[in-house]
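Next come the chains, spelled out residue by residue.
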Amino acid sequence: MKKLLVSLMIGLVAGLVMAAVDPVAKESEAARQMMFAGEFVKAQAAYQKIVTDAATTNQSILASAQSGIGMCLVRQVKCEEAVIAFAKAIKDYPTISDE
């Protein structure tokens, strides 16, 4: 439990730092917070806006948003759509990895 809390705090701080650098990162962080709050439909729409608007060239943010769409779909038990979203993330952002 302690490790989970530390990981969440590190993720939150990293998200806030990124948001200060790239305005779209702020949108990404907001979508992530919606997802953690269980607002999966809202989070999915926010992630979709990031991907569709293409207001950033940051491939990491775009890949994360596309993967976020997949995660939101999984949480909504829309597994077939989730697989398509994850496949799109892999196809569109092949050089991005989760390290």
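Residues numbered from 1 in each chain as written. Predicted model: local features only at pLDDT ≥ 70, side-chain atom pairs only at ≥ 80, totals over all residues. Heavy atoms only, no water.

**Things to note about the packing of helix α4 (residues 59–75) against helix α5 (residues 79–92)**
Between α4 and α5, the shortest axis-to-axis distance is 7 Å and the interhelical angle comes to 165 degrees. If you check the angle between α4 and α5, you find them roughly antiparallel. The handedness of the crossing between α4 and α5 is left-handed. For the pair α4 and α5, the contacting residues are Gln59, Ala63, Gln66, Ser67, Ile69, Gly70, Met71, Leu73 and Val74 in the first and Glu81, Ala82, Ala85, Phe86, Lys88, Ala89 and Asp92 in the second. Looking at the contact of α4 with α5, its residues break down into nine nonpolar, four polar and three charged. (Axes fitted to C-alpha atoms, helices over the stretch in contact; angles between N-to-C directions. Helix = DSSP H or I, 4+ residues; strand = E, 2+ residues; numbered from the N terminus. Parallel < 35°, antiparallel > 145°, perpendicular 65-115°, else oblique. Left-handed = near helix turned anticlockwise from the far one by under 90°. Contact = heavy atoms within 4.5 Å. Nonpolar A, V, L, I, M, F, W, Y, C, P; charged D, E, K, R; others polar.)

**Concerning unusual backbone geometry**
With a phi close to 60 degrees, Val77 is a non-glycine residue in the positive phi region. Tracing the backbone shows Val77 in the loop between α4 and α5. A relative accessible area of 65% means that Val77 is categorised as exposed. (Buried < 20%, exposed > 50% of the residue type's maximum accessible area, 1.4 Å probe, protein only.)

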